[in-house]
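The lines below spell out each chain.
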Amino acid sequence: MGAYILRRLFMLIPVLIGMSLITFSIIHLIPGNPAQTILGEQATPQAIEQLEEQLGLNEPYLVQYGKYMAGLVQGDLGTSLRTNSPVTEEIWPFLAATIELTIFAMIFAIIVGVNAGIISAWKQNSIFDYSAMIIALIGVSMPIFWLGLMQQWIFAQELGWLPAFGRNNPRDPIETITHFYLLDTLLQGNMDQFWTALRHLILPGIALGTIPMAIIARMTRSSMLEVLRSDYIRTVEAKGIAQMSVVYRHGFKNAVIPVLTVVGLQTGTLLGGAILTETIFSWPGVGRYVFDAIGNRDYPVIQSGILVIAFMFVMINLIVDLLYSYVDPRIKY
Amino acid sequence: MEKKPVLEVNHLRTHFFTDDGEIPAVDDVSFYINEGEVLGVVGESGCGKSVTSLSIMGLVPNPPGKIVGGDILFRREEAGEEWNIAELPGKELRKIRGNQLSMIFQEPMTSLDPLYKIGFQISEGLRRHFKISKKEGRRKAVEMLELVGIPRPSEVVDEYPHQLSGGMRQRVMIAMAMASDPELLIADEPTTALDVTIQAQILELMKRLNKEKGTAIMMITHDLGVVAEMCDRVVVMYAGKVVEQGDVRTILKNPKHPYTQGLIRSLPKLTGRDERLYSIPGNVPKPGSIKRGCRFAARCPEVFDRCVKEDPELYSLEGEHACRCFLYDPQGGEDHDENRTTAPRHESEEILSD
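Residues numbered from 1 in each chain as written. Chains lettered and ligands numbered in written order. Predicted model: local features only at pLDDT ≥ 70, side-chain atom pairs only at ≥ 80, totals over all residues. Heavy atoms only, no water.

Okay, the sheet that holds strand β12 (residues 322-323) of chain B next. All names here are of chain B. Reading across the sheet, the eight strands line up as β6-β7-β8-β3-β9-β10-β12-β11 and stay open at both edges, with mixed pairing between neighbours. In this open sheet, the two edge strands, each paired with only one partner strand, are β6 (101-104) and β11 (315-316). In this structure, strand β9 (residues 233-238) lies alongside strand β10 (residues 241-247), joined through six bridges in antiparallel fashion. Directly across from Met237, in β10, lies its bridge partner Val242. On the sheet, helix α7 (residues 196-213) packs against β3 (38-42), β6, β7 (184-188) and β8 (216-221) and is oriented at approximately 155 degrees with respect to β8. (Pairing = 2+ DSSP bridges. Helix = DSSP H or I, 4+ residues; strand = E, 2+ residues; numbered from the N terminus. Contact = heavy atoms within 4.5 Å. Axes fitted to C-alpha atoms, helices over the stretch in contact; angles between N-to-C directions.)

Okay, here's the thing in structure tokens:
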């Protein structure tokens with residue numbers, strides 16, 4: 001297993017190099033003079049020259065790429081043009097906000113989706129099955145901004161149960177250590193702030209998790225239906241094993257691989273930043289960070305944002321692959 | 001000593017409710033199995049023998065299948081226990097299944113859960129029924145693997161099904177089914193999917209376990225060779241009904257029902273090289289497609305008027321031998337040509353010879 005992980009990590013190197021090449025090229029794909037485009041029509045020649053100097057655009061491509069790579073290897077993602085601070089430092093709070101929201105949304109999606117799918121398959125053609133699958137169908141087809149607005153209107157505006165915006169109460173700022181608010185407040189033992197942060201996660205988390213939940217439920221159901229018909233499930237039944245154990249231990253474990261695939265893809269997508277959700281709920285996530293950078297033509301930030309998101313996607317896929325071989329002994333390392 | 005039945009099936013009817021209507025897969029089937037006895041249930045595919053066995057296990061897929069009538073009485077004489085499986089709620093059924101009542105299936109390649117180790121799968125049922133520890137379960141699993149003749153059992157116990165061959169997997173299935181020391185083992189075509197040499201080994205193993213442990217076996221098969229090898233009594237099924245039953249010698253040497261005769265004639269012989277292999281013309285009718293008359297009438301070489309008008313009963317012949325054919329109606333029923341053919345003797349004797 002350890003050797004397999006090492007080999008898989010080794011195989012990541014070409015992928016990462018490819019990714020860096022693409023993000024590096026972004027700035028050179030700008031038509032005309034990149035510095036001119038970034039600074040706009042009215043820029044003085046001195047300013048353009050200065051920016052070219054700063055971005056190293058006046059050097060040969062290979063030298064530029066070499067410097068870019070050297071920076072990446074040391075964890076240097078460049079400097080934001082707008083704020084003049086290193087992207088590595090700047091992006092982290094946004095990234096942490098996105099990761100926290102994604103984890104919360106995926107936990108919701110997995111718990112609800114997997115169980116709904118399992119029970120639907122187990123009680124196929126029952127009322128539960130029909131209603132769960134109708135809800136799942138609505139879930140995959142629901143425009144997320146509409147769902148978010150409805151949630152805000154009902155649970156924040158009308159009922160006043162949950163906050164509608166942001167990550168915490170702005171009048172009671174959280175001292176950040178890791179920028180994962182739930183973790184930070186727990187580390188400081190500040191339970192009030194922990195609950196506030198948790199309450200802020202609920203609405204955006206559910207909004208963000210609805211589509212993955214529906215997809216997971218449908219995938220779990222179809223995979224389970226196939227497994228529950230198989231010979232080995234009949235064997236387990238013939239042993240007189242309890243129903244729950246038949247369905248979850250033998251049934252779901254055999255059905256889990258396609259579900260894992262979907263969970264991986266969905267997690268990757270959510271980590272890319274869900275701009276709609278983040279905008280509606282004023283969530284300071286990486287999607288909005290990159291989106292703002294595009295508006296500001298802040299190319300180093302755009303490059304780094306894309307690189308970081310792609311990197312996380314690749315890592316999630318790696319984890320999913322490792323989980324496959326953990327679940328199924330027939331998948332060779 | 002008089003033997004007592006461990007299983008008594010009375011007028012069992014298992015129907016499937018499909019879009020094409022209600023299909024009587026098992027239609028008024030009755031038979032019994034005595035303690036320590038091997039009963040063969042014989043018939044072509046689609047005759048209802050597998051559904052009968054699944055009914056006894058309470059494993060008929062529902063929907064679409066359902067036991068709509070009859071009793072399945074399962075007894076443990078020395079414990080004074082008796083259950084009617086046809087009416088038992090699922091939870092009670094799970095206590096018997098894999099405990100006093102076990103089953104092995106046709107497809108050893110797909111009948112083991114690919115994600116769990118052999119040892120876990122053997123001990124899983126034991127740990128549930130007998131509340132034994134993990135360690136004890138493992139010890140028992142090794143013991144069972146040894147009993148069914150698996151080499152290096154203490155290693156195989158930690159292997160996964162895909163690491164074993166088909167014959168080995170069927171041995172594991174048998175080990176699993178026998179681990180709880182059941183009163184009755186139902187074997188649904190246990191050797192069909194295996195090589196001929198492995199088949200013989202598996203049959204030998206089952207015979208040994210039957211003798212040593214006194215487990216009654218219900219052997220479902222389409223292979224009359226297996227019947228001759230293993231069984232004490234035989235039930236022949238056709239299109240959801242029992243058409244003939246009796247002890248194995250009577251059935252193989254002196255079959256009465258034209259269907260049984262046909263089955264025996266269609267066995268290949270090692271000597272008869274120049275003859276074309278006999279086959280019963282036509283196919284098994286879809287259950288429920290024949291509304292009136294004998295279900296075998298369309299394929300029967302001896303069919304006469306009454307066969308298509310009325311349902312024959314199971315007429316008793318000498319001893320336990322019984323046959324569902326108007327030819328044996330004690331009331332005579334039809335003036336029919338007396339020189340009817342019985343199965344050529346030499347063929348059936350060949351089966352019994354070893």
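Looking now at the interface of chain A and chain B. With 23 residues of chain A in contact, the opposing surface of chain B contributes 26 residues. Carbon and sulfur atoms make up 56% of the surface buried where chain A meets chain B, a total of about 2,200 Å² over both sides. Taken together, the links from chain A to chain B amount to four salt bridges. For Glu237 of chain A, the salt bridge identified is with Arg94 of chain B, shortest N-O distance 3.0 Å. (Buried area = accessible area lost by both parts, 1.4 Å probe. Salt bridge = Lys/Arg side-chain N within 4 Å of Asp/Glu carboxyl O.)

The next subject is helix α6 (residues 127-141) of chain A. Owing to its 3.6 residues per turn, the α-helix aligns residues three or four sequence positions apart on the same side. All names here are of chain A. Counted at 1.5 Å a residue, the expected span for α6 with its 15 residues is 21 Å, and the 21 Å between its end C-alpha atoms agrees. What α6 keeps buried is the set Asp129, Ala132, Met133, Ala136 and Gly139. For α6, the angular spread of the buried residues around the axis is 115 degrees, confining them to a single face. Seen from the buried face of α6, the exposed residues on the opposite side, beyond 90 degrees, are Ile127, Ile135 and Ser141. Where α6 is buried, its residues touch α5 (87-122) and α9 (191-228). (Expected span 1.5 Å × (residues − 1). Buried < 20%, exposed > 50% of the residue type's maximum accessible area, 1.4 Å probe, protein only. Arc of directions from axis to C-beta.)

On to the domain arrangement of chain B, then. Residues and elements named next belong to chain B. Splitting chain B by domain gives domain 1 (5-231) and domain 2 (241-352). Distance between the C-alpha centres of domain 1 and domain 2: 29 Å. Both sides of the domain 1 and domain 2 interface together cover about 1,500 Å² of buried area, and 58% of this is carbon and sulfur. For the domain 1 face of the interface with domain 2, the top three residues by lost area are Asp27, Glu44 and Leu224, together amounting to 36%. (Domains from an automatic or database assignment.)

A few words now on the pairing of β3 of chain B. Residues and elements named next belong to chain B. Within β3, five of the five residues are buried, which leaves the element mostly enclosed by the surrounding structure. Residue alternation in β3 divides its side chains into two sets, Val38, Gly40 and Val42 and Leu39 and Val41, and both sets are buried. Inspection of the sheet shows β3 paired to β8 by five bridges, in the parallel sense. Counted as the bridge partner of Gly40 is Met219 from β8. Pairing between β3 and β9: four bridges, direction parallel. The residue of β9 that forms the bridge with Val41 is Val235.

Turning our attention to the UniProt feature "transmembrane region" (unreviewed entry) in chain A. All names here are of chain A. Residues given the UniProt feature "transmembrane region" (unreviewed entry) here are residues 9-30, 91-118, 130-149, 201-220, 255-281 and 301-324. For the annotated span residues 201-220, helix accounts for 100% and strand for 0% of the residues, and the straight-line distance between the end C-alpha atoms is 26 Å. The annotated region residues 301-324 carries 100% helix and 0% strand content, and the separation between its end C-alpha atoms amounts to 35 Å. (UniProt positions renumbered as here; feature names shortened; annotations may be inferred.)

Considering all chains together, one arrives at three cavities of 30 Å³ or more under this definition. Within this model, the largest cavity holds a volume of roughly 110 Å³. Contributing elements (two or more residues each) for the lining of the largest cavity: α10 (231-238) of chain A together with β6, α3 (118-130) and α6 (166-178) of chain B. The residue inventory of the lining of the largest cavity, partitioned by class, reads eight nonpolar, five polar and one charged. Its boundaries defined by the atoms lining it, the second largest cavity holds a volume of some 80 Å³. (1 Å grid on protein atoms, 1.4 Å probe; cavity = no way out; pocket = protein on both sides within 12 Å on 5 of 7 lines; lining within 4 Å. Points joined across faces, edges and corners; volume = space filled by probe spheres on them. Nonpolar A, V, L, I, M, F, W, Y, C, P; charged D, E, K, R; others polar.)

Before going further, it helps to spend a moment on the packing of α9 of chain A against helix α11 (residues 243-271) of chain A. Residue and element names in this part refer to chain A. Where α9 contacts α11, the two axes come as close as 8 Å, and the packing angle between them is 150 degrees. For the crossing formed where α9 meets α11, the hand is right-handed. Residues Leu208, Pro212, Ile215, Ile216, Met219, Thr220, Ser223, Met224 and Val227 of α9 form the contact with α11, whose own contacting residues are Val247, His250, Gly251, Phe252, Asn254, Ala255, Pro258, Val259, Val262, Val263, Gln266 and Leu270. Each residue belonging to the contact of α9 with α11 can be placed in one class, and the counts come to 15 nonpolar, six polar and no charged. (Left-handed = near helix turned anticlockwise from the far one by under 90°.)

The next point concerns the side chain of Asp27 of chain B. All names here are of chain B. If you trace the backbone, Asp27 turns up in strand β2 (residues 21-34). You can call Asp27 buried: its relative accessible area is 14%. A distance of 2.5 Å separates the side chain of Asp27 from the side chain of Arg295, its partner in a polar contact. Setting aside chain neighbours within four positions, we find Asp27 in contact with Leu12, Arg13, Gly240, Lys241 and Arg295. (Polar contact = N/O pair within 3.5 Å; in protein donor to acceptor, adjacent residues only side chain to side chain.)

The first and last C-alpha atoms of α11 of chain A sit only 37 Å apart over 29 residues, clearly below the 42 Å expected at 1.5 Å per residue. Of all the bends in α11 of chain A, the greatest measures close to 50 degrees and is centred on Phe252 of chain A. (Bend = angle between axes of the 7 residues up to and from the residue.)

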